[in-house]
Amino acid sequence: MVLDLVLIGLAINAGPLHNSAFILLLSAPRGVRKGLAFILAWLGCLVLVLAAVLLLTGGKPPSPRSAPSTVALALKLVLGIAMVVYAERKRRRGSARRPPRTPKWLGRVDSASGWTAAGLGVLLQPWGLVAAGAATVVQAHLTSVGSYVALLVFCLLATSGLIAMELYATFRPASARAELGALRDWTESHQDQVIVTLSLLVGVWLVAKSIYQLV
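The following refers to the structure shown. (Residues numbered from 1 in each chain as written. Predicted model: local features only at pLDDT ≥ 70, side-chain atom pairs only at ≥ 80, totals over all residues. Heavy atoms only, no water.)

**Looking at the overall build of the protein**
In plain terms, the rule: To qualify as a helix, a DSSP run of H or I must reach at least 4 residues; to qualify as a strand, a run of E must reach at least 2; elements of each kind are numbered from the N terminus. Note on classification: 1.4 Å probe, protein chains only; a residue is buried when its accessible area is under 20% of the maximum for its type, exposed when over 50%, partly exposed between these limits. Whether two residues are in contact is decided by their heavy atoms: any pair within 4.5 Å suffices. Accessible areas in this description were obtained via Shrake-Rupley with a 1.4 Å probe; residue shielding takes into account the shown protein chains only.
The number of helices and strands found in the protein is 9 helices and 0 strands. Taking all 215 residues of the protein together, the buried fraction comes to 43%. Once local pairs closer than 6 in sequence are excluded, the contacts in the protein between residues at least 24 apart make up 87%. Surface accessibility of the protein: about 11,700 Å² in total, with carbon and sulfur atoms responsible for 69%.

Okay, structure coming up:
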């Protein structure tokens, strides 16, 4: 469970779309407050999803070969296959070398309110990866303090990049504007490559683990 959650948490953290939106929020007037609203909503979603899974399962994994266990494995398998297929389709589209286009709504993020920033923290969650994390937790033996520490680490890993940028903008606002702007430009220009790489890595891992456990 721990390795699965670490990989999924790192993949969530590295997602280019929410990082680009977050950098725009930070560069806007009252950006630190908007960034904090985004982080709280983002982290709150992760905690609520995990809490719902724990309430439904009671912190105990379903019996092997039982219906809930099979459903959880099947969900991870389907998500893994979907990520691999999505990555391959995106790679083929990218081979046409068309210049990347910034979504129109992303250009209006810098004028968003605090409530809108919080809403973006919910909407921009990579829900496929979050679902993979939830399916992993379903099968976890949450009977020790270490297991709950692993869940905490998962949430922090998935949010660590946002927290780092928020702290940097808070304590070094002058240099943060230029350096975070450069990071955003790099993220947007390499967005397709990042998405393809993350989707392939996580997708192949989920497929391999799911098939191994099903067999």
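**Here's the deal with the nonpolar core**
Test applied: Among buried residues, those of type Ala, Val, Leu, Ile, Met, Phe, Trp, Tyr and Cys that are joined through side-chain atoms within 4.5 Å constitute a nonpolar core.
Ranked by internal contacts, the top residues of the largest apolar core, which has 46 residues, are Ile-12 and Phe-38. Sorting elements by how many residues they give to this core places helix H3 (residues 31-57) first, with 8 residues. Apart from residues no more than four positions distant in its own chain, Ile-12 is found in contact with His-18, Trp-42, Pro-126, Leu-129, Val-130, Phe-154 and Ala-158.

**Notes on unusual backbone geometry**
Despite not being glycine, Arg-30 shows a phi value in the positive range, around 55 degrees. Positionally, Arg-30 belongs in the loop between helix H2 (16-27) and H3.

**Side note on the layout of surface pockets**
This is how it is decided: Residues are called lining when one of their atoms sits within 4 Å of a cavity or pocket point, these points coming from a 1 Å grid over the protein atoms alone, where a cavity is a set in which a 1.4 Å probe fits but cannot get out and a pocket is an open set with protein on both sides within 12 Å along at least five of seven lines. Grid points are joined across faces, edges and corners, and a volume is the space filled by probe spheres set on the points. Basically, the charged four are Asp, Glu, Lys and Arg, the nonpolar ten are Ala, Val, Leu, Ile, Met, Phe, Trp, Tyr, Cys and Pro, and anything else, Gly included, counts as polar.
In this structure, the second largest pocket occupies an estimated 500 Å³ of space. Considering the residues around the second largest pocket, the lining is formed by 21 residues, among which Tyr-86, Pro-126, Leu-129, Ile-195 and Ser-199 are closest to the centre. The set of elements that each furnish at least two residues to the lining of the second largest pocket consists of helix H1 (2-13), H2, helix H4 (67-94), helix H6 (127-138) and helix H9 (191-214). When residues of the lining of the second largest pocket are assigned to their parent elements, the largest contribution, 5 residues, is made by H9. Residues of the lining of the second largest pocket, tallied by class, amount to 15 nonpolar, 6 polar and no charged.

**Some words on a nonpolar patch on the surface**
So the rule is basically this: A residue counts toward a patch only above 30% relative accessible area and without a salt bridge, and it is joined to like-charged neighbours within 9 Å or, for Val, Leu, Ile, Met, Phe, Trp and Tyr, to nonpolar neighbours within 5 Å. By convention in these notes, a salt bridge is any Lys or Arg side-chain nitrogen within 4 Å of a carboxyl oxygen on Asp or Glu.
On the surface, a nonpolar cluster with roughly 250 Å² of combined accessible area is contributed by Val-145, Val-149 and Val-153. Inspection of the secondary structure assignment puts Val-153 in helix H7 (residues 145-171).

**Here's the deal with the packing of H1 against H6**
Keep this limit in mind: Lines fitted to C-alpha atoms define the axes here, with helix axes fitted over just the stretch in contact, and angles between the N-to-C directions of these axes take values from 0 to 180 degrees. Should an angle lie under 35 degrees it is considered roughly parallel, over 145 roughly antiparallel, and from 65 to 115 roughly perpendicular; all remaining angles are considered oblique. In this scheme the crossing of two helices becomes right-handed for a clockwise turn of the near helix relative to the far one and left-handed for an anticlockwise turn of less than a right angle.
Contact pair H1 / H6: the axes reach a minimum separation of 10 Å and the direction vectors enclose 165 degrees. It follows that H1 is roughly antiparallel to H6 by the angle criterion. Crossing hand, H1 versus H6: left-handed. Counted together, Asp-4, Leu-5, Ile-8, Ala-11 and Ile-12 of H1 and Leu-129, Val-130, Ala-132, Gly-133, Thr-136 and Val-137 of H6 form the full contact between these two elements. Taken together, the residues that form the contact of H1 with H6 break down as 8 nonpolar, 2 polar and 1 charged.

**Focus: the packing of aromatic side chains**
Under the convention used in this document: A pair of aromatic rings is counted whenever rings of Phe, Tyr or Trp (Trp by its six-membered ring) have centres within 6.5 Å, and the orientation is called stacked for planes under 30 degrees apart, edge-to-face for over 60 and tilted otherwise.
A complete count under the given rule lists 2 aromatic pairs for this structure. With 6.0 Å between their ring centres and 20 degrees between their planes, Phe-38 and Trp-42 make a pair best called stacked. You can see Phe-38 and its partner Trp-42 sitting in helix H3, 4 residues apart, about one turn around the helix. Residue classification places Phe-38 among the buried residues on the basis of a relative accessible area of 0%.

**Quick look at the packing of H1 against H9**
The contact between H1 and H9 brings their axes to 10 Å, and the two run at 160 degrees. Our classification of the angle between H1 and H9 gives roughly antiparallel. Note that H1 runs across H9; the crossing there is left-handed. Taking contact as the criterion, the partners of Leu-3, Asp-4, Leu-7, Ile-8 and Ala-11 in H1 are, on H9, Leu-198, Val-202, Trp-205, Leu-206 and Lys-209. Of the residues contributing to the contact of H1 with H9, the split by class is 8 nonpolar, no polar and 2 charged.

**Here we look at H9**
Just so we agree on the cut-off: The span expected for a helix works out to 1.5 Å for each residue beyond the first.
When the terminal C-alpha atoms of H9 are compared, their 34 Å separation across 24 residues agrees well with the 34 Å that a helix rising 1.5 Å per residue should span. Within the span of H9, buried status applies to Gln-191, Val-194, Ile-195, Val-196, Leu-198, Ser-199, Val-202, Gly-203, Leu-206, Val-207 and Ser-210.

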